Every structure is written in structure tokens, then in C-alpha cells.
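Take a look at the letters that make up each chain.
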Amino acid sequence: MAKKFNVTGNCRPENHYMVDITNRLQAIETMVDSGDYFTINRGRQYGKTTTLHLLADYLQEKNVVASIDFQNLDSSEFSNVSSFVEAFAREFYLSIKTDSVLPGNILQTLQKFAAGEVPRVSLRKLFLSLSECCSLSDRPIILIIDEVDAASDFQVFLDFLSQLRSGYLNRDAAPTFQSVILAGVQDIRNIKQKLRSESEHQANSPWNVASRFTVDMSFSPSDIVSMLQEYEADHATGMDITSIANLIYEYTSGYPVLVSGICKYIDEEIAGTDTFPDLTAAWTAQGVVEAVGHIYDESNMLFESLQDKLNRYPELHDMLYSLLMDGKPVMYNRYDPAIQSALMYGFIRIENKTVVVANRIFETQLFDDQLQL
């Protein structure tokens, strides 16, 4: 099957044209080997899930990787401890059962948790069994949880984080996970603020053991060049790869789904039209501009998320309005909730201690449609 550019779901190297993220995986592996617990927070469609899938494969040789997606859990399974323990044990068991490193009795215990057959079930009992798993495994166990936003409204998730924190702090006395990686749009600090009062979450954060995650997941011009080189090897369009990559970067600042979206439009919709009769004609500066126009015109999850956040957070709307419509500079203030929200959702970036819109596509979209009063 011929490769394509992908803008939905998980990207697979065998099916899709992709940026080589080996250097990022190596950087994350260094954190894992150091025993770090951390959270990967990036905006929608920023390549988190693809990175986690590739990371799980990358780490598998030296580790047992339990990779769980909280989107696989129903909301009812977060409603109380018993249902959450059953659901988590099920997903954990399904993720590691093909590994032969754990004795059968440990796998049977996990199955009993999943089937609701453990009397007086509790998170503590679950974590004692998980500790036993870590003790008996011949390789370190890595826990990866994607889409933690799905749990953001439930107290049981805070209690779960507290157990992870306790295991981390007592790891010298009792075996626990080598590393825990949580991925989502929201920062764990924002999740817990929904559920606890200011005094509670300041006094006892359930995730204050987390290390800072500083790996850059955006695509650089050279990243885009590498993806286009693979495409060019298959299609021989004669494009000026470096020039096209730089132009795509100018519009997107490396936001992954926007990079792939431009390429996908050029490949699948623009090439073969009257204006761009073939791939050679399409893979030009004019073709890139045409593709950007298609992105502005489409209804997509990224722009819908942008609109939703502007509607829900007036302070975010006001800050971006001031920045774009009034031309007033906005200095970076890490204590400003509007700035922190915009950073978390990927709408802005910080340059020279000043707030700027994340990329030209967002800037135009905001200016034309989102901020009109």
C-alpha cells in the first residue's frame, strides 16, 4: 500500500510519511532510564499518541511497557474505586500479558482484580500487586497512560496519582515502576485544581514528583526536509525540498498536524487540478499557499478546539484580542492563568519573554474568525 500523509489518529512508519523522531525517543529514554516520572502536555493533534506508540516499541527491548489509553475506559469506570481498579487492572493486564517475564500467579491476580473478584478492593491493594509485578519482573516496568484528560473530572484519578506518588517516594523500600509517563493536553496541576480547594492542592500535590518534560515535539525545517525527502524518493516531483520545507515551517512553526495537513492537501487534492495539473506543479510555493487556504476553509478538530477554549475562557479571549486586534505586546508572566492556558493548548509560544501566537495559521484564523466581537 502506498504511503500517505496522515492527519488523523496514530501515524505508522510503514503507512505514513513521517518525521524521524528517533532523537526525541532517545531523549525520553534518558529520562526513563533515570527513573523519572513525567507528563507530556501538548496541544491537540501535536503527535502525542504517535510518540507514545513509537516510544513503547522503542523501550520494549529493555523494559516491560504497560501502555494504557484512558479513552478506552467508560466514564462510569471512573465513578468509584472498585470500577476504576477493575478497569485499570484489565487494561494493564491486556497490555503486558504477552510478556513471559511475570509468573502466572501474578497475571491471575491481575485478572481477579479485573473481574471484580478481589474482596474489599482498594487502590492500595491494587498497588501492592503492581509492586509485586515490579519485584518479580526480570525487566523494569514502564507505565504509560495516554489521554489522562479523560480522568480529569474524577476524584479517583487524584487518589490514583497519590498512590503513584507514594510508590515513587518509597521506591527504595518497595519495588515500583521504573518510570511513569502521563500524556494529555492538560497539565496535571490544572486537573487537580478542578477537584481540590486552593489550600488542599497547594499543601499536598499528588503529582509533585514529576520531572519537567522539555523535549521539543514540534517539527524543525530539517525535520520537514527529511519527511519530504522520503516522499520525493517515491514520487520524483522535482520539488525544491529545502525551500518547500522552509515555507511550510513559516506557516506552521512546526505544529505537526498543520505540517502534515499542508502536505496532504498538496498530494491528494491540489495536484491534478486545472491550476496544478500534476505533482510537479503542486509542490511549489504556490501549491503550499493553496494548501494553507484549504486548511483555513475546512472544519477541523483543531480550530473547533480553539473556538471552544475562547468561548469557555474569556480571559484567554481578551488576551489574544489585545495581542492581535489592539497590537498591544503581552509580556510573559508564568502566574497569568490566561497565558498558561494558551501555552497548554498550544495557541501561543514565548519569544524573548513576550507572548506571540504559535504560528501564522493560528494568527490568521484568530484574526479573521475567532476574535471578532
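Before any of the text, the structure's been laid out above.
Residues numbered from 1 in each chain as written. Predicted model: local features only at pLDDT ≥ 70, side-chain atom pairs only at ≥ 80, totals over all residues. Heavy atoms only, no water.

## A short note on the packing of aromatic side chains
Within the structure shown, the criterion is met by 24 aromatic pairs. For the pair Phe 5 and Tyr 231, a centre-to-centre distance of 5.3 Å together with 35 degrees between the ring planes defines the contact as tilted. With Phe 5 in the segment before helix H1 (22-33) and Tyr 231 in helix H9 (residues 221-235), the pair connects residues that are 226 residues apart, well separated along the chain. Overall, the relative accessible area of 1% leaves Phe 5 in the buried class. Its relative accessible area of 0% is what places Tyr 231 among the buried residues. Aromatic pair Tyr 17 and Tyr 231: ring centres 5.2 Å apart, planes at 70 degrees, arrangement edge-to-face. (Phe/Tyr/Trp six-rings, centres within 6.5 Å; stacked < 30°, edge-to-face > 60°. Helix = DSSP H or I, 4+ residues; strand = E, 2+ residues; numbered from the N terminus. Buried < 20%, exposed > 50% of the residue type's maximum accessible area, 1.4 Å probe, protein only.)

## Overview of the packing of helix H5 (residues 123-136) against helix H6 (residues 155-169)
Running from N to C, H5 and H6 point in directions that differ by 40 degrees, and their axes come no closer than 11 Å. Taken together, the axes of H5 and H6 lie oblique to each other. Along this stretch, H5 crosses H6, giving a crossing that reads as right-handed. Together, Leu 123, Arg 124 and Phe 127 of H5 and Val 156, Asp 159, Phe 160, Gln 163 and Leu 164 of H6 make up the contact between the two elements. Here the residues of the contact of H5 with H6 sort into five nonpolar, one polar and two charged. (Axes fitted to C-alpha atoms, helices over the stretch in contact; angles between N-to-C directions. Parallel < 35°, antiparallel > 145°, perpendicular 65-115°, else oblique. Left-handed = near helix turned anticlockwise from the far one by under 90°. Contact = heavy atoms within 4.5 Å. Nonpolar A, V, L, I, M, F, W, Y, C, P; charged D, E, K, R; others polar.)

## With respect to the nonpolar core
Ranked by internal contacts, the top residues of the largest apolar core, which has 80 residues, are Ile 181, Leu 228, Ile 262, Trp 283, Val 288, Met 319 and Phe 362. In terms of nonpolar packing, the next biggest core, distinct from the first, is built from 44 residues, Val 85, Phe 92, Ala 151 and Phe 177 among them. (Core = buried A, V, L, I, M, F, W, Y, C linked by side-chain atoms within 4.5 Å.)

## Things to note about the state of the cysteines
This model, assessed by the stated rule, comprises zero disulfides. Sulfur of Cys 133: no disulfide; nearest cysteine sulfur belongs to Cys 134 and is 6.7 Å away. With no disulfide of its own, Cys 263 has Cys 11 as its nearest cysteine by sulfur position, at a separation of 12 Å. The buried category is assigned to Cys 263, whose relative accessible area is 0%. (Disulfide = S-S within 2.5 Å.)

## Topic: H9
Spanning 15 residues, H9 covers 21 Å between terminal C-alpha atoms, matching the ideal 21 Å at 1.5 Å per step. Within H9, the full set of buried residues consists of Asp 223, Ile 224, Val 225, Met 227, Leu 228, Tyr 231 and Glu 232. Positive phi appears at Ala 236, one or two residues downstream of H9, with a value of about 50 degrees. (Expected span 1.5 Å × (residues − 1).)

## Notes on helix H16 (residues 337-344)
Within H16, burial applies to Ala 338, Ile 339, Ser 341, Ala 342 and Met 344. Where H16 begins, one side-chain oxygen reaches toward the backbone nitrogen of Ala 338, 2.8 Å away; that side chain belongs to Asp 336. Positive backbone phi, at 80 degrees, marks Gly 346, one or two positions downstream of H16. (Polar contact = N/O pair within 3.5 Å; in protein donor to acceptor, adjacent residues only side chain to side chain.)

## Observations concerning empty space enclosed by the protein
Per the counting criterion, the structure on display carries one cavity of 30 Å³ or more. Its volume calculated, the largest cavity comes out at about 30 Å³. The residue makeup of the lining of the largest cavity, split by class, is five nonpolar, two polar and one charged. (1 Å grid on protein atoms, 1.4 Å probe; cavity = no way out; pocket = protein on both sides within 12 Å on 5 of 7 lines; lining within 4 Å. Points joined across faces, edges and corners; volume = space filled by probe spheres on them.)

## Re the pattern of salt bridges
Counted under the stated rule, the structure contains 12 salt bridges. The salt bridge involving Arg 139 is made with Asp 138; its shortest N-O contact spans 3.8 Å. For Arg 349, the salt bridge goes to Glu 351, with nearest N and O atoms at 2.7 Å. We classify Arg 349 as partly exposed; its relative accessible area is 30%. Judged by relative accessible area, which is 35%, Glu 351 ranks as partly exposed. Through salt bridges that share partners, Glu 29, Asp 33 and Lys 62 make up one connected network. (Salt bridge = Lys/Arg side-chain N within 4 Å of Asp/Glu carboxyl O.)

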